[in-house]
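Spelled out from the first residue to the last, the chains are:
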Amino acid sequence: MTWFNKQSRLVQILLLLIPVVNYITEIVVRWSTYLKKGGLIRLVICILVTIPSGIIIGWLDCLWVFLFKKLFLQ
C-alpha cells in the first residue's frame, strides 16, 4: 500500500486502468493492507477483489483515485 501511495497520481491511475495490471495491483495492495491492518471490511473487499469482480472494483478504484487520491474503502 505504501508503495502504491508513493507513486504519482498518473502512475496510480495507469496501474488501475490496464485490466490485467489492475487485477494484480488490486490483489497485492488490498491483501497487503489487510495483513497489516486487519478488519472485517478489508477482508470482504479482499475476497471480492480476488474473484473476477476485482476488475470492476479496480475500475471503480481508478475513478476514486482520480477524484479523491485514495482507493475506494481504504
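Refer to the structure printed above.
This text gives an overview of the structure that appears in the document. What you see is a predicted model; the values in this text were computed from it and never measured. (Residues numbered from 1 in each chain as written. Predicted model: local features only at pLDDT ≥ 70, side-chain atom pairs only at ≥ 80, totals over all residues. Heavy atoms only, no water.)

1. Quick word on the packing of aromatic side chains
Then, number 1: In the structure shown here, the tally under the stated rule is three aromatic pairs.
Then, number 2: Taking 4.7 Å as the distance between ring centres and 50° as the angle between the ring planes, the aromatic pair formed by W64 and F68 counts as tilted. One end of the pair is W64 and the other is F68, both in helix α5 (residues 54–68) and four residues apart, which spans about a single turn.
Then, number 3: We classify W64 as partly exposed; its relative accessible area is 26%.
Then, number 4: Taking 4.9 Å as the distance between ring centres and 75° as the angle between the ring planes, the aromatic pair formed by W64 and F72 counts as edge-to-face.
Then, number 5: Taking the relative accessible area as the measure of exposure, F72 reaches 24% and is therefore partly exposed.
Then, number 6: When the ring centre of F66 is taken as origin, the NZ or CZ atom of R9, which lies over that ring, is 5.8 Å away. (Phe/Tyr/Trp six-rings, centres within 6.5 Å; stacked < 30°, edge-to-face > 60°. Helix = DSSP H or I, 4+ residues; strand = E, 2+ residues; numbered from the N terminus. Buried < 20%, exposed > 50% of the residue type's maximum accessible area, 1.4 Å probe, protein only. Lys NZ or Arg CZ within 6 Å of the ring centre and 35° of its normal.)

2. Brief notes about the environment of C46
Then, number 1: On the secondary structure map, C46 appears in helix α4 (residues 40–50).
Then, number 2: With 19 residues separating them along the chain, C46 and I27 place their C-alpha atoms 7.0 Å apart.
Then, number 3: Leave out the neighbours within four places in its chain, and C46 touches R30, W31 and Y34. (Contact = heavy atoms within 4.5 Å.)

3. Some thoughts on a nonpolar patch on the surface
Then, number 1: A contiguous nonpolar patch, built from L10, L14, L17, I18, V21 and W59 and spanning about 560 Å² of accessible area, is present on the exposed surface.
Then, number 2: Per-element accounting of the nonpolar patch gives the leading share, three residues, to helix α2 (residues 9–17).
Then, number 3: Mapping I18 onto the fold places it in the loop between α2 and α3 (19–37).
Then, number 4: The class for I18 is partly exposed, based on a relative accessible area of 44%. (Patch = residues over 30% accessible without salt bridge, like charges linked within 9 Å, V, L, I, M, F, W, Y side chains within 5 Å. Areas by Shrake-Rupley, 256 points an atom, 1.4 Å probe, with all protein chains shown as cover. Salt bridge = Lys/Arg side-chain N within 4 Å of Asp/Glu carboxyl O.)

By themselves, these observations are geometric and do not establish any function.
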